[in-house]
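The primary structure of each chain is shown beneath.
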2 protein chains.
Amino acid sequence: MATIYQVAERAGVSLSTVSRVLNGRKTVNENLRAKVEQAMQELNYRPSSVARSLATSRTDSVGVLVSELNSPFFGDLMQAVESTLREADKHVIITVGHNNLETEKDAVEFLISRNCDALIMHVEAMSDDYLRDINANRVPISVVNRQVEGLESACVCLDNERGGYLATQHLIELGHTNIACISGPSKARDARLRLAGHRRALAEAGIPWSEQLYYEGRYQEEDGKQGLQTLLSRNKPFTALVCANDWMASGAMSCARDLGMNLPYDLSIIGFDDAVFAHHVYPRLTTVKNPIYQMGEMSARHILNAVYGQSLAVKTLFDPKLIMRESTIFHKA
Amino acid sequence: MATIYQVAERAGVSLSTVSRVLNGRKTVNENLRAKVEQAMQELNYRPSSVARSLATSRTDSVGVLVSELNSPFFGDLMQAVESTLREADKHVIITVGHNNLETEKDAVEFLISRNCDALIMHVEAMSDDYLRDINANRVPISVVNRQVEGLESACVCLDNERGGYLATQHLIELGHTNIACISGPSKARDARLRLAGHRRALAEAGIPWSEQLYYEGRYQEEDGKQGLQTLLSRNKPFTALVCANDWMASGAMSCARDLGMNLPYDLSIIGFDDAVFAHHVYPRLTTVKNPIYQMGEMSARHILNAVYGQSLAVKTLFDPKLIMRESTIFHKA
DNA sequence: TTGTATGCGTTATCAC
DNA sequence: GTGATAACGCATACAA
């Protein structure tokens, strides 16, 4: 590999000059610039990003920490982050946290040891305090899908409460009044908020909340099945079911079918997220869209602004949108 | 950030000694080692990976180039590669090629400019020559899901021909003799191989190949729909349909349903890949499993061996497996 | 505008 | 076993 010094020698200039044309400085004679560029060509010179990093103490890399890689949700997030950042010639180092505190902390240490200029994180286990500490004392961060007090401008997230509200409101508008709910784990913020929205919609419609129509899952497909069976066993009839994400909705749907129910006539089911498979299930799943791609883009933009001196427009709170498909239907009184 | 020099000063030794304990060299006095380690503790010292890279000309990073990020297939691949590599304290830099030659080349240049020690690639557009050139003159690579002549040991892939064979054989065993086929794009190697397997199964069973029962798609969901409609319009009856991937199978299924067909009784459909949504569609999709997770792991292992001096077991050719679900059924004569 | 000298934080090659 | 000293490839303050 050719170095800047060899280029300088061949072009008959000093290495400072080479460095200048390399960094697009205007203060360099056109003649010399041409010579240097030709020398670069001939030597097939490529700057060493490592050496540059050592000199500038910047790596042009941002660490990304997500819960999983093999899910449509995080796939979209990654895709958005990667392409936004790469447009700005930054790159992405990926790690996985598995929703586990130790793993998440490990990943953060790993990324910091790699001298990332910033971190984009989607974490569940890690505390707000920990996040604030990282941002204050270690490296700037952006948090996806979570509100951290004191870090508002660095957090991009969905209005989960409103999403929960929309889902239930939709069922109410269809005439349902006995509405069951399979929520996410109560220790998860987004799950709590979606549930709160659900309850607000019920309250506004004058429908009393019933513990019997409630089941707490952990966002897994299996929980949809377990949840539906449990709810059914309580002998309190319902004609519609809200699920806190699409996986559980899908689990509930297969379970319902296995039980001989005729969907959506016997039971309206609504999900949350609009995962890729939402329109693969049968009947196609009505759900609430989580605009994760845009959120990833905004998170990346925040970093671009905060760390790399750009000034892009960023939006931090996203509005969920109802996607009507065929898994919900009018309640026939 | 504390440097190695400050640690040396505090411990009252030279920086060579610090460097030695840092790298676990045995040739250092226990007393000094203790002093140094304490000094590191007190200063909360973290070695700079950048400086180390400059000195060793290794970055402990491997570049990964995949076609997309937001697909279950690549999600699994990434997950496998990341976790395998991180166990060995290497990290992963991700880029996306979008099945487009220019983008793929760009991504490779980008990764190389980042001084990756090696590349793991899943590319479609790039030529074999180009791949060989990268490996020979630039940086060691491993190729996923593709056979490159001369690079055999660096290629880990599925036996696509056998996969295609298995799918069709399964339908034949169910008694079907009129079997339509929606293949992938003929410019894609894996598509050609799957098709070859399909034809071999037909031939072995004495079923003549018919151009009328063949449609070439591009692996998109929409192609499943287009394909089925086209095939149906040709007035040559068939009772089973082979699709070269799950997306097209899913598209064909919804199309069939929209056309009023009763699945799987009116038409048996089989897919390929066993994507996550394969068991979400209704009826649950019979398909051929593509063990992408293991393939990713093996690809990472190959790099670990070739570049980082490890000696892990690697397997390069993977056997597809038939996953029987409910979308295929006996042909009633 | 151009060149010189120095630093970035390690590893590696020598002597001692 | 230990400690100077020179790379590694680039950026940058400063001098010319």
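Attention in this report is confined to the structure presented alongside it. Since this is a predicted model, take the numbers as computed values, not measurements.

## Considerations on the protein's contact with DNA strand C
Taken together, 27 residues sit near DNA strand C, with A:S16, A:T17, A:R20, A:N29 and B:I4 positioned nearest. When the atoms of DNA strand C within 4 Å of the protein are sorted by group, sugar and phosphate make up 61%. In this structure, A:N29 approaches DNA strand C through a main-chain N or O atom, which is 2.5 Å from a phosphate oxygen. In the model, a phosphate oxygen of DNA strand C is placed 3.4 Å from a nitrogen or oxygen of the B:R25 side chain. For the surface near DNA strand C, the residue count by class is 12 nonpolar, 11 polar and four charged.

## Describing the relation of the copies chain B and chain A
Look at the two chain copies: a rotation about an axis and a shift along it is all it takes to match them. For the pair chain B and chain A, the best superposition has an RMSD of 0.2 Å and corresponds to a rotation of 180° with a translation of 0.1 Å parallel to the axis. What we have between these two chains is a two-fold relation. Interface overlap between copies: 100% of the residues of chain B at the interface are likewise at the interface in chain A, consistent with a symmetric, same-surface contact.

## Thoughts on the packing of helix α8 (residues 160-173) of chain B against helix α9 (residues 189-204) of chain B
Two quantities define a packed helix pair, namely the angle between the axes and the distance from one axis to the other. Residue and element names in this part refer to chain B. Running from N to C, α8 and α9 cross one another at 40°; their axes reach a closest spacing of 6 Å. Taken as axis vectors, α8 and α9 run oblique relative to one another. α9 is crossed by α8, and the crossing has right-handed handedness. Of α9, the residues touching α8 (which contributes N160, E161, G164, Y165, T168, Q169 and I172) are D190, L193, R194, A196, G197, H198, R200, A201, L202 and E204. Each residue belonging to the contact of α8 with α9 can be placed in one class, and the counts come to six nonpolar, six polar and five charged.

## What to know about the interface of chain B and chain A
Contacts between chain B and chain A engage 48 residues on the former and 49 residues on the latter. Across the chain B to chain A interface the summed buried area is about 4,100 Å²; carbon plus sulfur atoms make up 54%. Our count for the contact surface shared by chain B and chain A stands at four salt bridges. The salt bridge partner of B:D258 is A:R284, with a shortest N-O separation of 4.0 Å. Scanning the region where chain B abuts chain A turns up 22 residue pairs in polar contact (both at pLDDT 80 or more). Where the side of chain B that touches chain A is concerned, the elements lending two or more residues are α4 (49-56), α5 (72-87), β2 (91-96), α6 (101-113) and α11 (246-258) of chain B.

## Regarding the protein's contact with DNA strand D
Surveying the vicinity of DNA strand D reveals 27 residues, the closest of which are A:I4, A:Y45, B:T17, B:R20 and B:N29. Atoms of DNA strand D within 4 Å of the protein: sugar and phosphate make up 62%, bases the balance. In the environment of DNA strand D, a phosphate oxygen lies 3.4 Å from a nitrogen or oxygen atom belonging to the side chain of A:N23. Of all the secondary-structure elements, those providing two or more residues to the surface near DNA strand D are α2 (15-22) and α4 (49-56) of chain A together with α2 (15-22) and α4 of chain B. Grouping the constituent residues of the surface near DNA strand D by class yields 12 nonpolar, 11 polar and four charged.

## Quick look at the sheet that holds strand β9 (residues 268-270) of chain B
Residue and element names in this part refer to chain B. If you walk across this open sheet you meet the four strands as β7-β6-β8-β9, and the pairing is parallel. With partners counted over all chains shown, the strands left at the sheet margins are β7 (214-216) and β9, one partner each. Strand-to-strand, the axes of this sheet are offset by a mean angle of 15°, without reference to chain direction. As paired elements, strand β6 (residues 179-183) and strand β8 (residues 240-243) share four bridges and run parallel to each other. In the strand pairing of β8, C181 is matched with V242.

## Structural notes on the pairing of strand β1 (residues 61-66) of chain B
Residue and element names in this part refer to chain B. Here β1 lies mainly inside the structure; six of its six residues are buried. Side chains S61, G63 and L65 of β1 all project onto a buried face; the interleaved residues V62, V64 and V66 project onto the opposite face, where all are buried too. As paired elements, β1 and β2 share six bridges and run parallel to each other. Counterpart to S61 in the pairing with β2 is H91. Note on the crossover from β1 through α5 to β2: the handedness is right-handed. Across four bridges, the pairing between β1 and strand β3 (residues 118-121) is parallel. Bridging from a neighbouring strand, V62 pairs with A118 of β3.

## Thoughts on helix α7 (residues 128-137) of chain A
All names here are of chain A. Turning to α7, its buried residues are D128, L131 and I134. Along the long axis of α7, the arc covered by the buried residues comes to 125°, so they all point the same way. Exposed and facing more than 90 degrees away from the buried side of α7 are D129, A136 and N137.

The rules behind each value
- Residues numbered from 1 in each chain as written.
- Chains lettered and ligands numbered in written order.
- Predicted model: local features only at pLDDT ≥ 70, side-chain atom pairs only at ≥ 80, totals over all residues.
- Heavy atoms only, no water.
- Near = heavy atom within 4 Å.
- Polar contact = N/O pair within 3.5 Å; in protein donor to acceptor, adjacent residues only side chain to side chain.
- Nonpolar A, V, L, I, M, F, W, Y, C, P; charged D, E, K, R; others polar.
- Least-squares fit on C-alpha atoms with pLDDT ≥ 70 in both.
- Contact = heavy atoms within 4.5 Å.
- Axes fitted to C-alpha atoms, helices over the stretch in contact; angles between N-to-C directions.
- Helix = DSSP H or I, 4+ residues; strand = E, 2+ residues; numbered from the N terminus.
- Parallel < 35°, antiparallel > 145°, perpendicular 65-115°, else oblique.
- Left-handed = near helix turned anticlockwise from the far one by under 90°.
- Buried area = accessible area lost by both parts, 1.4 Å probe.
- Salt bridge = Lys/Arg side-chain N within 4 Å of Asp/Glu carboxyl O.
- Pairing = 2+ DSSP bridges.
- Buried < 20%, exposed > 50% of the residue type's maximum accessible area, 1.4 Å probe, protein only.
- Right-handed = clockwise from strand over helix to strand, strands pointing away.
- Arc of directions from axis to C-beta.

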